[in-house]
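# Descriptive structure summary
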Protein chains: 4
Amino acid sequence: MTTLIEPGHVPAGTGGTGVKRIGIIGTGIMGADHARLLTHAVSGAVVGGVFDLDDERARGVAGASGGAEVFTDPYALIADDAIDAVLIASSDATHEEYVLACVAAGKPVLCEKPLAPTVDGCARILDAETAHGSRLITVGFMRRFDPGYTDLKALLATGEIGAPLMLHNVHRNPAAVPGMPSANLITNSAVHELDITRWLFDDEISEVAVHAPRSSGNAGGTRDPQLLVLTTASGVLSDVEIFVNARYGYEVRCELVAETGTATLDAPPPTSVRRSGLHARELPADWRPRFAEAYRLELQDWIDGAGQGATAWDGFAATFVAQACVKALESGERYTVEMPSTPELYRR
Amino acid sequence: MTTLIEPGHVPAGTGGTGVKRIGIIGTGIMGADHARLLTHAVSGAVVGGVFDLDDERARGVAGASGGAEVFTDPYALIADDAIDAVLIASSDATHEEYVLACVAAGKPVLCEKPLAPTVDGCARILDAETAHGSRLITVGFMRRFDPGYTDLKALLATGEIGAPLMLHNVHRNPAAVPGMPSANLITNSAVHELDITRWLFDDEISEVAVHAPRSSGNAGGTRDPQLLVLTTASGVLSDVEIFVNARYGYEVRCELVAETGTATLDAPPPTSVRRSGLHARELPADWRPRFAEAYRLELQDWIDGAGQGATAWDGFAATFVAQACVKALESGERYTVEMPSTPELYRR
Amino acid sequence: MTTLIEPGHVPAGTGGTGVKRIGIIGTGIMGADHARLLTHAVSGAVVGGVFDLDDERARGVAGASGGAEVFTDPYALIADDAIDAVLIASSDATHEEYVLACVAAGKPVLCEKPLAPTVDGCARILDAETAHGSRLITVGFMRRFDPGYTDLKALLATGEIGAPLMLHNVHRNPAAVPGMPSANLITNSAVHELDITRWLFDDEISEVAVHAPRSSGNAGGTRDPQLLVLTTASGVLSDVEIFVNARYGYEVRCELVAETGTATLDAPPPTSVRRSGLHARELPADWRPRFAEAYRLELQDWIDGAGQGATAWDGFAATFVAQACVKALESGERYTVEMPSTPELYRR
Amino acid sequence: MTTLIEPGHVPAGTGGTGVKRIGIIGTGIMGADHARLLTHAVSGAVVGGVFDLDDERARGVAGASGGAEVFTDPYALIADDAIDAVLIASSDATHEEYVLACVAAGKPVLCEKPLAPTVDGCARILDAETAHGSRLITVGFMRRFDPGYTDLKALLATGEIGAPLMLHNVHRNPAAVPGMPSANLITNSAVHELDITRWLFDDEISEVAVHAPRSSGNAGGTRDPQLLVLTTASGVLSDVEIFVNARYGYEVRCELVAETGTATLDAPPPTSVRRSGLHARELPADWRPRFAEAYRLELQDWIDGAGQGATAWDGFAATFVAQACVKALESGERYTVEMPSTPELYRR
């Protein structure tokens, strides 16, 4: 039975080399990218096994990962002694069953967000981990490792700009499926800001409201953009513009407003170009270049067992608040978020 | 009887020189600054007379304005044949009576914002000007002349970033009187954004809500900062962070979000400095350096009779919406703004 | 006989109105722009008369300037009692004769740069003004009034970044006449940086070298770009990239390097746009928008008689150093600049 | 005998794990930092052994590197079968002997810059590697891996800004030992720009000149700053401001000027702060945070055997051009650089 010193820790491989063997469930865009990082950019890890419903896709990733074993049964992967820990990057609806299997097997697991799409699913996972008695689950809210966000948190800790009052967030994607359900802007996209707000202020979100202007003609009927207004228990206001058909590029920015100063995260690229009458910096086309460093650091932290990642409780809370925001969007009313109290296992 | 070709036009002086003689009522900070601009930086105008309750202050400004006449009665100044037009920069509560006197005298008048502090006062002015039958009144919403805001309006007109959806505004002052009434943040400060939102989108504000995080410990009990959320008749959302104890400096910024792109106004100064571990641009200490060019252009436009300034109707609308925002702040509810229809005189 | 209190002062008009009547010789792009500013954006001046070889062009500018008189003889304009001061914006080769005529008439004159294209021509002007005994001539090095450059000079005076060591200048135009003489990059364009270097450091340039990389394929045989390396008497190094076929836009920038910090002038516009994968600020197409404020302030200073403009000695020195740079370009050698000592009239 | 498929390739460890065991000679600031990266941030490597003249320092680094063996003889480390490749971070004067020993042992070696302090030393290394017949040596010019510099090279390759004409470089350190030899600014600091110029344009430097303004009062007699002007064989001009007592912080920037546009590398941090009247981004205190990512990618590339690092020939060329610059500084003359032709082993 594994005894974990650090939360989320991945134990050293049994081969005596100190290299940990990771099994990956789901080798789509995210899973393949994690496999690449584990193989080429993270110290102390190798991809030991992969599973995907699309067997050919699994074999491709296994080949690019130094010849990892291809499993045809995800539960066999989870159970295999040659797999030290599991990374779940399969479709959202499957997260719950795989995470529960990992907990049952006593194996550390990194699950892509969301932990589960429903509050009930998240609650079942909390129950299982609590019963297990130690933390095995890390949720892939990678922004917690982004150098920009960690700068903000470090700056707050210095007190140099005083106590926080507000956080203005902008979260834009170039394009989404036309007519996508309006709730998805909250549950799939703004959920990152829900987590970051909780993490940055070490505080729970206690009230939510959602305003929506007229929608973009490019949104195909989806209410896009939206403006979420979140208030934390201690009274910090965090507003979030989520706009998934912004067309011009991918962008995540925020400004933290405190009592004597503010800090802005905009993550400019290292170079700018003067051409055709413009002095410009490029914006990324999607989230992967923007958060490439965050993903690498998240995986390294997980492999090192450093325990800075989001817990199952964080995954539960993000889904819980997201559901309240969806209700607020639909009703036009402000909602008080009635979050259960934090289980003992997740209090630091 | 004056026949105006252009709205707000200041007629040429009777001396045949083409130079217009302006009378200034109120020679505090704003009035003195206007006197300086009219004397040294605007073509076609001189300060012909000044009045202030503080006679010594009036004499000082008159002397610095090339020897303008000092009046001891503001109504005498308004009536004097040697005064072609009147600029009102006295205390807010006195605006109504002086503006009404100018209308009665048939003289063009530039009144600092607010046109009047109450909706009723503004309505009486509208009635007077409507009865007069032509536009004599310009309201000093100088941001309409700021090169940054006019850039935004010009960009919208090109269609290059598509139709507008949102405007995110930030309006910060370093310090306010501790314990100042919370409503003043709206009526004195955010009123500029109320006007700019109407002007930029050529649209009326039809719904308002106000969110307030916990207040800064520096605010002495005032609810500061606040987040206004305004919606226009066509569905554009304009949110306004107003924070009058931001401490670090004076700052007015916004980002206009449209269907295919966004435009940000931040007005950086022409130089930046590298020193002591920082690469920095200076922020202005107050609104005067930030809007120096806007004030100059506003006055030049008024003297030229170019008619780009805010009308009495704009002054009325700003006060009307501000009152709705004050109610929304106090109640925590969303409010529909039931604005009267625009009188014929103000339709272009 | 004019008695000048301030150098370059334009006396008040004889009509008793305090408005000065300016005669403009040369109504091409620059002359027409000066006429517009004097008429619409400068306090205390009107255009009293214009002359141009192209009579129709002169009539157009006169009409747009409130009905100024059109002269068919530039010397008649200079001599006319209804002209208080003269602005010369005709072709470079004609500057000398018109400036000399103004000095002979005892009239203040603002001459566009260069004062004269040759060192000998400039010297004849110095002799005439010295013989006259007081300063009448201002040379149109408008950058001395640019808010960015005056910021740099003010910063140096505070001592906050210590004593100056270097100035890195970039000066780019989108396009020049293909095959233009290589010396023109120095005498027409970089001459602005020669003046700014002297003005900023209040120092003479004592040594020059010119380096030239391979030329742009767009330059049609002109040696373009070039890198001038200037050293002042006190040892400050000022390098100048001059590139007149930079294609992408017009740009003037510099970085001042001092003992404990540096200051950069880049004059960003007030707004930026996010569109098509770029976050960009626009660059001006030519020098007029970039230096619009400098031209206005230069004219206002001249009309006010505030005397901050470049003197005939500054005009002489710029042409003198430019000639040394041309020799350095042609020979590839470093040159010591053997400037005559400053005449008494120009020592402050 | 090692057979290398890729230049600079580090062979897989003999333990069959695929993890390469690196021996580090010199565990000062640079060596310790490399040990940390190899242990915690690079895939596929462990620190297998360390040597330092200061035995205690070596033990400290060995302990922090997962218990690497401490050697008391650097040649024993090089010879040890349990060491797959060697990283040299000892004092400059010792580089030559250790690199030669590695070549003699047929072991891949990453040598911190300079390859050797003298042209003769570098030549002896070239001879040894050429005699060996395949490339074993990588020189630690880490900037070749900096995301900013690789962006510039990638942009040039697209042709989007046309053919290169100039590169303006700024390289500043906050403080150096007072009275340090003036040549050190070139051989220790600007040598990075010599390498980057060669790498970016894939071209040799054929002419050099050095200009020096008056020195900073903080330099204690060293000629600081200096301006190097380098010209490549194809005529691109690369100027380098090197200033090692700039006081305000560490900064490396450049602007690449091409026929239709320019690209600037300034590497801003992800966040900016508004405080005390300034909107600022922090500048790093020294080179390590600025080039942290470059060092990591350089090591990963070396471990992966990807062969993007600088070769022994690049190390020779940098030292060769640096010597020419030192002569140019001392004489004040332009120098033609008479570089030998590239040996066959180093032609791609």
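Residues numbered from 1 in each chain as written. Chains lettered and ligands numbered in written order. Predicted model: local features only at pLDDT ≥ 70, side-chain atom pairs only at ≥ 80, totals over all residues. Heavy atoms only, no water.

## What about the overall build of chain A?
Inclusion rule: Each helix is a run of DSSP H or I of at least 4 residues and each strand a run of E of at least 2, with the numbering of both proceeding from the N terminus. Radius of gyration: C-alpha atoms only; globule rule: 2.2 Å multiplied by the number of residues to the exponent 0.38. Exposed residues in this analysis have more than 50% of their type's maximum accessible area, buried residues have under 20%, and partly exposed residues fall in between, with area computed by a 1.4 Å probe over protein chains only. In this analysis, two residues are considered to be in contact whenever any of their non-hydrogen atoms come within 4.5 Å of each other. Method for areas: the Shrake-Rupley scheme with a 1.4 Å probe, in which residue coverage is limited to the protein chains shown.
The secondary structure content of chain A amounts to 10 helices and 15 strands. A compact globule built from 348 residues would reach a C-alpha radius of gyration of about 20 Å, and chain A, at 20 Å, matches this within 12%. Oriented by its inertia axes, the alpha-carbon framework of chain A measures out at about 55 × 55 × 45 Å. By residue count, 60% of the 348 residues in chain A fall in the buried class. Of all intrachain contacts in chain A linking residues separated by at least 6 positions in sequence, the fraction that spans at least 24 positions is 72%. Working note: accessible area of chain A is about 12,100 Å², and carbon and sulfur atoms make up 52% of it.

## Brief notes about the relation of the copies chain A and chain B
Let me state the cut-off plainly: The atoms used to superpose the copies are C-alpha atoms, taken from residues with pLDDT of at least 70 in both, and the fit is least squares.
Mapping chain A onto chain B is achieved by rotating through 180° and translating by 0.0 Å along the same axis, at an RMSD of 0.0 Å. In symmetry terms, the pair is related by a two-fold rotation axis. Both copies present the same face, since 100% of the interface residues in chain A are matched by interface residues at the equivalent positions in chain B.

## Let's talk about the domain arrangement of chain A
Residues and elements named next belong to chain A. Using the following cut-off: Just so you know, the domain bounds were taken from an automatic or database domain assignment. Here the quantity called buried area is the accessible surface, traced with a 1.4 Å probe, that two parts lose on coming together, added over both. The term salt bridge refers to a side-chain nitrogen of Lys or Arg lying within 4 Å of a carboxyl oxygen of Asp or Glu. Gly falls in the polar group here, along with every residue not listed as nonpolar (Ala, Val, Leu, Ile, Met, Phe, Trp, Tyr, Cys, Pro) or charged (Asp, Glu, Lys, Arg).
Each assigned domain of chain A is listed with its residue range as follows: domain 1 (20–142) and domain 2 (147–290 + 311–346). Each of domain 1 and domain 2 has a C-alpha centre, and the two are 26 Å apart. Taken residue by residue, the interface counts 22 residues in domain 1 and 18 residues in domain 2. Contact between domain 1 and domain 2 buries roughly 1,800 Å² in total, counting both sides, with carbon and sulfur atoms accounting for 71%. Taken together, the links from domain 1 to domain 2 amount to zero salt bridges. For the side of domain 1 that touches domain 2, the elements supplying multiple residues, two or more each, are helix H1 (29–40), helix H5 (119–132) and strand S6 (137–139). When residues of the side of domain 1 that touches domain 2 are assigned to their parent elements, the largest contribution, six residues, is made by H5. In the side of domain 1 that touches domain 2, the residues fall into 14 nonpolar, four polar and four charged.

## Points about the sheet that holds strand S5 (residues 109–111) of chain B
Definition in use: Strand pairing is defined by DSSP finding a minimum of two bridges between the two strands.
Spatial ordering of the open sheet is given by S3-S2-S1-S4-S5-S6 (chain B), a layout of six strands whose pairing is parallel. This sheet does not close on itself; its edge strands, each paired only once, are strand S3 (69–70) and strand S6 (137–139) of chain B.

## Observations concerning the interface of chain A and chain B
On the chain B side, the residues contacting the 41 residues of chain A number 41 residues. Carbon and sulfur atoms supply 57% of the area buried between chain A and chain B, which totals about 2,900 Å² over both sides. It is A:His211, A:Arg214 and A:Glu259 that lose the most area in chain A upon contact with chain B, and together they represent 21% of the buried surface on that side. At the junction of chain A and chain B, the tally comes to six salt bridges.

## Considerations on the interface of chain B and chain D
Short version of the rule: Under this definition, polar contacts are N or O atom pairs within 3.5 Å; protein pairs additionally need one hydrogen-donor-capable and one acceptor-capable atom, and for neighbouring residues in sequence, both atoms have to be side-chain atoms.
At the junction of the two partners, chain B supplies 14 residues and chain D supplies 14 residues. Taken over both partners, the interface formed by chain B and chain D buries close to 1,200 Å², and the fraction arising from carbon and sulfur atoms is 55%. Across the pair D:Glu251 and B:Arg274 runs a salt bridge whose closest N-O atoms are separated by 2.8 Å. At the junction of chain B with chain D, the criterion picks out eight residue pairs in polar contact (both at pLDDT 80 or more). Among the secondary structure elements, those contributing two or more residues to the side of chain B that touches chain D are strand S11 (251–258), strand S13 (271–275) and strand S14 (278–282) of chain B. Looking at the side of chain B that touches chain D, the element that brings in the most residues is S14(B), giving five residues.

## Side note on helix H4 (residues 95–105) of chain A
Taken as a whole, H4(A) has its buried residues at A:His95, A:Glu96, A:Tyr98, A:Val99, A:Ala101, A:Cys102 and A:Val103. Once H4(A) finishes, A:Gly106 follows within two positions and takes phi at roughly 70°, a positive value.

## Here's the deal with the UniProt feature "domain: GFO/IDH/MocA-like oxidoreductase" (unreviewed entry) in chain A
Put simply, the rule reads: UniProt positions are given in the numbering used here, feature names are shortened, and annotations may be inferred rather than shown by experiment.
Per the UniProt record, "domain: GFO/IDH/MocA-like oxidoreductase" (unreviewed entry) is found at residues 150–263 of chain A. Within residues 150–263 of chain A, the helical portion is 24% and the strand portion 36%, while the C-alpha atoms at the span's ends are 12 Å from each other.

## Quick word on the packing of helix H6 (residues 147–158) of chain D against helix H7 (residues 184–201) of chain D
Two packed helices can be described by the angle between their axes and the distance between those axes. Residue and element names in this part refer to chain D. Convention followed: Only the stretch in contact is used when fitting a helix axis, every axis being a line fitted to C-alpha atoms; angles between N-to-C directions are given from 0 to 180 degrees. Any angle from 65 to 115 degrees is called roughly perpendicular, while one under 35 is roughly parallel, one over 145 is roughly antiparallel, and all others are oblique. By definition, turning the near helix anticlockwise from the far helix through less than a right angle yields a left-handed crossing, and turning it clockwise yields a right-handed one.
At a minimum axis distance of 10 Å, the contact between H6 and H7 shows a crossing angle of 30°. Taken together, the axes of H6 and H7 lie roughly parallel to each other. The element H6 and its partner H7 pack so that their crossing is right-handed. Residues Tyr 149, Thr 150, Leu 152, Lys 153 and Leu 156 of H6 pack against Ile 196, Trp 199, Leu 200 and Phe 201 of H7. When the residues that make up the contact of H6 with H7 are grouped by side-chain class, the tally is seven nonpolar, one polar and one charged.

## Overview of the pattern of salt bridges
Residue and element names in this part refer to chain C. All chains considered together, the criterion is met by 96 salt bridges over all chains. Here Arg 143 makes a salt bridge to Glu 193, at a shortest N to O gap of 2.7 Å. Taken together, the positions of Arg 143 in the loop between strand S6 (137–139) and helix H6 (147–158) and Glu 193 in helix H7 (residues 184–201) put the pair 50 residues apart, joining distant regions of the chain. The class for Arg 143 is buried, based on a relative accessible area of 2%.

## What to know about the pairing of strand S14 (residues 278–282) of chain D
Sheet analysis places S14(B) next to S14(D), joined by five bridges and oriented antiparallel. Along S14(D), the bridge assignment pairs B:Ala280 with D:Ala280. Here strand S13 (residues 271–275) of chain D runs beside S14(D); their pairing, made up of three bridges, is antiparallel. The residue of S14(D) that forms the bridge with D:Val273 is D:Ala280. Linking two consecutive strands that pair antiparallel, namely S13(D) and S14(D), is a turn of two residues; a positive phi of about 50° is found at D:Ser276 within it.

## Observations concerning the UniProt feature "domain: Gfo/Idh/MocA-like oxidoreductase N-terminal" (unreviewed entry) in chain A
UniProt annotation of "domain: Gfo/Idh/MocA-like oxidoreductase N-terminal" (unreviewed entry) refers to residues 21–139 of chain A when read in the numbering used here. Note that residues 21–139 of chain A is 45% helix and 20% strand, and that its end C-alpha atoms are spaced 19 Å apart.

## Topic: the packing of helix H4 (residues 95–105) of chain C against helix H5 (residues 119–132) of chain C
Residue and element names in this part refer to chain C. Running from N to C, H4 and H5 cross one another at 5°; their axes reach a closest spacing of 10 Å. As the angle between them shows, H4 and H5 are arranged roughly parallel. Where H4 approaches H5, its residues Glu 96, Val 99, Leu 100 and Val 103 are matched on the opposing element by Gly 121, Arg 124, Ile 125, Ala 128, Glu 129 and His 132. Among the residues making up the contact of H4 with H5, the classes are represented as five nonpolar, two polar and three charged.

## Brief notes about the state of the cysteines
Residue and element names in this part refer to chain C. Here is the rule we go by: Two cysteine sulfur atoms make up a disulfide if the distance between them is within 2.5 Å.
Overall, the coordinates contain zero disulfides over all chains when judged by the stated rule. The thiol of Cys 254 is unpaired, and the distance to the nearest cysteine sulfur, on Cys 325, comes to 17 Å. For Cys 254, a relative accessible area of 4% gives the class buried.

## Some thoughts on the packing of aromatic side chains
Stated formally: Pairing of aromatic side chains here covers Phe, Tyr and the six-membered ring of Trp, requires ring centres within 6.5 Å, and sorts the geometry by plane angle: under 30 degrees stacked, over 60 edge-to-face, intermediate tilted. As a reminder, the over-ring test applies to NZ of lysine and CZ of arginine, requiring each to be within 6 Å of the ring centre and within 35 degrees of the ring normal.
Counting across every chain of the model gives 12 aromatic pairs over all chains. Consider the rings of B:Phe316 and B:Phe320, whose centres lie 5.7 Å apart with planes at 35°: the pair is tilted. Remark: B:Phe320 and B:Phe316 occur in helix H10 (residues 312–331); sequence separation between them is four residues, near one turn of the helix. Each of the two residues, B:Phe316 as well as B:Phe320, counts as buried. Ring centres of C:Trp313 and C:Phe316 lie 5.1 Å apart, and the angle between their planes is 25°; this geometry places the pair in the stacked category. Placement of the pair is C:Trp313 and C:Phe316 together in helix H10 (residues 312–331), with a separation of three residues, close to one helical turn. Aromatic ring contacts, followed pair by pair, group A:Trp313, A:Phe316 and A:Phe320 into a single cluster. Note that B:Lys153 overlies the ring of B:Trp199, its terminal NZ or CZ placed 5.0 Å from the centroid.

## Regarding the sheet that holds strand S1 (residues 20–25) of chain C
Hydrogen bonds between backbone atoms are what pair the strands of a sheet, whose relative direction is either parallel or antiparallel. All names here are of chain C. Strand order in the open sheet made by the six strands is S3-S2-S1-S4-S5-S6, with parallel pairing throughout. A strand with exactly one partner marks an edge of an open sheet, and here the two such strands are strand S3 (69–70) and S6. Running over the sheet, helix H1 (residues 29–40) touches S1, strand S2 (45–51) and strand S4 (85–88) and is turned about 170° from S1.

## Examining unusual backbone geometry
For the peptide bond that leads from A:Lys113 to A:Pro114, omega is 0°, which places it in the cis range. Positionally, A:Pro114 belongs in the loop between strand S5 (109–111) and H5. Although it is not a glycine, A:Arg247 adopts a positive phi angle of roughly 70°. Assignment of secondary structure puts A:Arg247 in the loop between strand S10 (237–243) and strand S11 (251–258). One non-glycine residue, C:Ala267, adopts positive backbone phi at about 50°. On the secondary structure map, C:Ala267 appears in the loop between strand S12 (261–265) and strand S13 (271–275). Residue classification places C:Ala267 among the partly exposed residues on the basis of a relative accessible area of 24%.

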